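The lines below spell out each chain.
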Amino acid sequence: MRGVGKTDRTDRLKFCLILFFALFVTAVFTGCDFDAGAVRDRLYGMAARQTAFALTFIAAGGVTFVFLFRDITRQNQEILNSKMKAELAAQSNTLLLEEANKQNQILLELKKRADAASEAKSSFLANTSHEIRTPMNAIIGMSELALREANGPQKDEYVRAIRHAGQSLLSIINDILDFSKIESGKLDIASREYALSSLLNDCVSIIRTRLGEKNLRFVTEFDPDLPNKVLGDEARVRQVALNLLGNAVKFTSAGTVTFSVCGKKLPDSRIALVLEVADTGIGIKPEDLPTLFDKFTRFDIAKNRGAEGTGLGLVISRDLCRLMGGDITVESKYGEGSVFTAVIPQIVTDASPFTLQKRSEASFSSRFETRNTRILVVDDLPTNLTVVTGLLAPYQMKIDTALSGEDAVRQVKARRYDLVLMDHMMPGMDGVEAAARIRAREREENEENPVPIVALTANAVSGMREMFLGKGFDDFLPKPIDVSKLDEIIAKWIPKEKQIKENGKQEQEEEQEKEKEKAESGPEPSPQGFVIPNVDAGRGVALCGGTLEAYREVLSAFLKDAEEQLDLLRTPPEETGLSLFTIRVHALKSAAASVGAAKIAAEAARLEAAGKTGELAFIRDALPAFAEQLAELAEAIRVALTAAQDSPP
């Protein structure tokens, strides 16, 4: 029994300890007051004080433990919170860094795209300028020479039409070079009074020359109530009309192109000039109509590979119309044709009856001749050399020519020149490098009077003049050559003491004597007796100054060029030689067009386009046939020239 009582007491003590500890912990965490003595007395009574004291000591230790535990827990929580905050901050910094890197990458990519777009645009404008200006140089230059040699009113009229075509196309090219101004809204519209009949006559004459051998009927329908004179930007109106007419001719192989012009009266003495161009050409697919006026847009590329163009004509025309207060609309049915309508407001200044008239022409006459003057002309195309030397003939100077930059450097080193006209884009050493070599030699030899070098180039985009002046050139003369600007260049750079001015009556008498000798010697040989298969000899004669003798000289130069290029063209180029190949076929294209070989010129144009776009597969497929055609043409020209030499005068 005694043992049992002890056990019960021990159990009660354990129970009391547990209960005491539980009450204490509860009080601590709930904030209640805890009277340990009262609890102790109630649990054990006064008789168990020693045991209660022990319990109190244990409880005190428990309290201390609880406070320590709570403090450690709080510190651990704070440490955990700090760690979490640090981790969150690190993650945030990582995300910010990643976002910053991502934004930097985006900015770099945008910069690359912007730089690439700017470079592509500059390259596009330069290539477009060079592409179109080079053949225009032959057209304008040869027509100028033919005007000087003119011997009949029909011939005069024909040559003037050629020159009008070249000058108007050159005006269009210059407008295309202002494309950046159109985009930025900085292109100004220059209004002045002009004769509407004269503008329309120009458009008709130019488009008729473009018809060429196409089986097209060109119809004009002009409202007789149109005013005689209006106020507006004549050049821009002409550009819009020629762009629309040129597209119609380009994409219409057979049928009719109709040019209709009428006017709708507007308030305040204004008129809405309505230019409508309808054709029976290929038409436009419905899905292509919404993007028709986008930049650089061409449709049916495979179908129209041979059709030249930049893709800017329509968008420029629309923007010009809108700048002048009008717009352009189009209706088309694929496979049947299209109708483009341009509406351009103009101010009427003379409402008298409309009459179709022609502009008067005046032949160019140089302001002076030169004495003991020597000039060097550098160009890789013999046709262009013929043009420039012909334009320089009235100055009575000694003219040397060079077909490459290397040859130009050698000739300048060998003799003293009063002026050098240097082409820019040439295979091998181009004009810029040649000019640098000449300047370097002059510095080495301490030359006191460096030779004036004028950049003679078809690459006339904005900024090129400054580039040439910074590369050792003294001046800039764009091709096709404007004879009045050429005259200014000669007057500026040829020493004054070598210029002989005011020839007066003596010059007229000499010219009359020359005309008399011509008349006594009889007319020039007729080109009808000079037949070359697949060559329009009549057109070739017209482009070469109007004389068969000049045409034979150009044919001889073309024959030499063709024979030199044939071996090189029999083997398709590798990718590394694509640039040189493109330059070669470009030169052949221009030269073939100048002698009237339109078929070869068209094939060369296709190969050149493929070279610019890197279409090696197309070049490999088309080159053998082109080389064979070129060989046949060269043989036909050789036979014709030999027959002409053997025939009696």
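Keep in mind the model is a prediction, meaning the values are calculated, not measured. (Residues numbered from 1 in each chain as written. Predicted model: local features only at pLDDT ≥ 70, side-chain atom pairs only at ≥ 80, totals over all residues. Heavy atoms only, no water.)

**Some remarks on the overall build of the protein**
Where we set the bar: Strands here are runs of E lasting at least two residues and helices are runs of H or I lasting at least four, both read from the DSSP assignment and numbered beginning at the N terminus. Burial classes follow relative accessibility: with a 1.4 Å probe on protein chains only, a residue under 20% of its type's maximum area counts as buried, one over 50% as exposed, and anything between as partly exposed. The contact definition used throughout considers only heavy atoms, calling two residues in contact when any of these lie within 4.5 Å. All accessibility values rest on the Shrake-Rupley procedure with a 1.4 Å probe; residue burial counts only the protein chains present in the view.
A count of helical and extended segments in the protein gives 19 helices and 14 strands. Evaluated residue by residue, the protein yields a buried proportion of 43% over its 649 residues. Pairs at least 24 residues apart make up 72% of the contacts formed inside the protein by residues separated by at least 6 positions. Only carbon and sulfur atoms are counted for the fraction: they give 54% of the accessible area of the protein, which is about 34900 Å².

**A few points about the packing of helix 17 (residues 578-594) against helix 18 (residues 598-613)**
In plain terms, the rule: Only the contacting stretch of a helix is used when fitting its axis, a line to C-alpha atoms as for every element, and angles between N-to-C directions run 0 to 180 degrees. Any angle that falls under 35 degrees is termed roughly parallel, while one over 145 is termed roughly antiparallel, one within 65 to 115 roughly perpendicular, and all others oblique. Note on convention: the crossing is left-handed when the near helix lies turned anticlockwise from the far helix by less than a right angle, right-handed when the turn is clockwise. Asp, Glu, Lys and Arg are counted as charged, while Ala, Val, Leu, Ile, Met, Phe, Trp, Tyr, Cys and Pro are counted as nonpolar; the rest, among them Gly, fall into the polar class.
Contact geometry of helix 17 with helix 18 gives a least axis separation of 8 Å together with a crossing angle of 155°. Of the possible angle classes, the one that applies to helix 17 and helix 18 is roughly antiparallel. The two elements helix 17 and helix 18 cross, and the hand of that crossing is left-handed. Listed contacts from helix 18 to Leu578, Phe581, Thr582, Val585, His586, Lys589, Ala592 and Ala593 of helix 17 are Ile600, Ala601, Ala604, Ala605, Leu607, Glu608, Gly611 and Lys612. When the residues that make up the contact of helix 17 with helix 18 are grouped by side-chain class, the tally is 10 nonpolar, 3 polar and 3 charged.

**Description of the packing of helix 16 (residues 548-569) against helix 17**
The packing of two helices is summarised by the inter-axis angle and the distance between the axes. Where helix 16 contacts helix 17, the two axes come as close as 11 Å, and the packing angle between them is 150°. Our classification of the angle between helix 16 and helix 17 gives roughly antiparallel. Read as a crossing pair, helix 16 and helix 17 show a hand that is left-handed. Contact residues: Phe558, Ala562, Gln565, Leu568 and Leu569 in helix 16; Phe581, Arg584, Val585, Leu588, Ala591 and Ala592 in helix 17. Looking at side-chain class alone, the contact of helix 16 with helix 17 contains 9 nonpolar, 1 polar and 1 charged residues.

**Details of the sheet that holds strand 10 (residues 398-402)**
Within a sheet, neighbouring strands are paired by backbone hydrogen bonds and run either parallel or antiparallel to one another. Note the threshold: At least two bridges found by DSSP between two strands is the condition for calling them paired.
Spatial strand order, 10-9-11-12-13: 5 strands in an open sheet with parallel pairing. Two strands lie at the open edges of the sheet, namely strand 10 and strand 13 (475-478), each paired on one side alone. On average, each strand axis in the sheet is tilted by 20° relative to the strand beside it, whichever way the strands run. Taken together, the 5 bridges between strand 9 (residues 374-378) and strand 10 define a ladder with parallel strand orientation. When the sheet's bridge partners are listed, valine 378 is paired in strand 10 with alanine 402. Packed onto the sheet, helix 10 (residues 405-414) meets strand 9, strand 10 and strand 11 (419-423) and runs at close to 140° relative to strand 10.

**What about the nonpolar core?**
Test applied: Put simply, a nonpolar core is a bunch of buried Ala, Val, Leu, Ile, Met, Phe, Trp, Tyr and Cys residues held in one set by side-chain atoms that sit within 4.5 Å of each other.
Counting 44 residues, the largest nonpolar core has Leu200, Val240, Phe259 and Leu275 as the members making the most contacts within it. If you look at the next biggest cluster of nonpolar residues, it comprises 41 residues, including Ala591, Ala601, Ala634 and Ala636.

**Some words on the pairing of strand 12 (residues 453-457)**
Stated precisely, the cut-off is as follows: The crossover handedness rule: strands pointing away from the viewer, path from first strand over the helix to second strand clockwise, crossover right-handed.
Within strand 12, 5 of the 5 residues are buried, which leaves it mostly tucked inside the rest of the structure. Neither face of strand 12 is left uncovered, since the one carrying Ile453, Ala455 and Thr457 and the one carrying Val454 and Leu456 both have all their residues buried. Sheet analysis places strand 11 next to strand 12, joined by 4 bridges and oriented parallel. Each residue of the ladder has a partner; that of methionine 422, found in strand 12, is alanine 455. As a crossover connection, the stretch from strand 11 through helix 11 (residues 431-444) into strand 12 is right-handed.

**Topic: the confidence of the model for the protein**
One rule of thumb: low pLDDT means the predicted coordinates there are not for detailed reading. Rules: Summary of the metric used: pLDDT quantifies the predictor's per-residue confidence within the range 0 to 100.
Averaged over all residues, the pLDDT of the protein is 76; the fraction at 70 or higher stands at 67%. Ignoring residues within four places in sequence, the model shows residues 301-307, a span with pLDDT below 50, making 13 contacts including any to other chains. Low confidence marks residues 503-526, where pLDDT is under 50. Its contacts with residues over four positions away, or in another chain, come to 6 contacts.

**Structural notes on the pattern of salt bridges**
We count it as follows: Salt bridges, as used here, are contacts in which a Lys or Arg side-chain nitrogen is within 4 Å of a carboxyl oxygen on Asp or Glu.
Under the counting rule described, the total for this entry stands at 19 salt bridges. Arginine 192 is the partner of glutamate 234 in a salt bridge, and the nearest nitrogen-oxygen pair spans 2.6 Å. One end of the pair, glutamate 234, is in helix 7 (residues 234-250); the other, arginine 192, is in strand 1 (residues 192-195), with 42 residues separating them in the sequence. Owing to a relative accessible area of 5%, glutamate 234 belongs among the buried residues under this scheme. Residue arginine 192 is classed as partly exposed on the basis of its relative accessible area of 47%. Residue arginine 416 is joined to glutamate 447 by a salt bridge in which the shortest nitrogen-to-oxygen separation is 3.9 Å. A residue pair is termed long-range when its members are at least 10 positions apart, and arginine 416 in the loop between helix 10 and strand 11 and glutamate 447 in the loop between helix 11 and strand 12 qualify at 31 residues. Salt bridges here are not isolated pairs; linked through shared partners, they connect Arg192, Glu234 and Arg238.

**As for helix 8 (residues 313-323)**
Within helix 8, the full set of buried residues consists of Leu314, Val315, Ile316, Ser317, Arg318, Leu320 and Cys321. Glycine 325, located one to two residues past helix 8, shows a positive phi value of around 90°.

**As for unusual backbone geometry**
Residues apart from glycine generally show negative phi values, whereas peptide bonds are mostly found in trans. For glutamine 396, which is not a glycine, the phi torsion comes out positive at approximately 60°. Structurally, the position occupied by glutamine 396 is in the loop between helix 9 (382-392) and strand 10. The backbone phi angle of asparagine 534 is positive, close to 65°, even though this residue is not glycine. Exposure remark for asparagine 534: the relative accessible area of 62% places this residue in the exposed category.

**What about the environment of leucine 607?**
Within the secondary structure layout, leucine 607 lies in helix 18. Of the residues examined, leucine 607 reaches a relative accessible area of 1% and is grouped as buried. Considered as a pair, leucine 607 and phenylalanine 626 are 19 residues apart in the sequence and their alpha carbons are 9.0 Å apart. When neighbours within four sequence positions are excluded, leucine 607 is seen to be in contact with Phe581, Val585, Phe618, Ile619, Ala622, Leu623 and Phe626.

**Examining a nonpolar patch on the surface**
Put simply, the test is: Only residues whose relative accessible area exceeds 30% and that form no salt bridge are eligible for patches; like-charged ones are grouped when within 9 Å, while nonpolar side chains (Val, Leu, Ile, Met, Phe, Trp, Tyr) are grouped when within 5 Å.
A cluster of nonpolar side chains, Ile106, Leu107 and Leu110, forms an exposed patch at the surface whose accessible area comes to about 280 Å². Within the secondary structure layout, leucine 110 lies in helix 3 (residues 49-148). Overall, the relative accessible area of 46% leaves leucine 110 in the partly exposed class.

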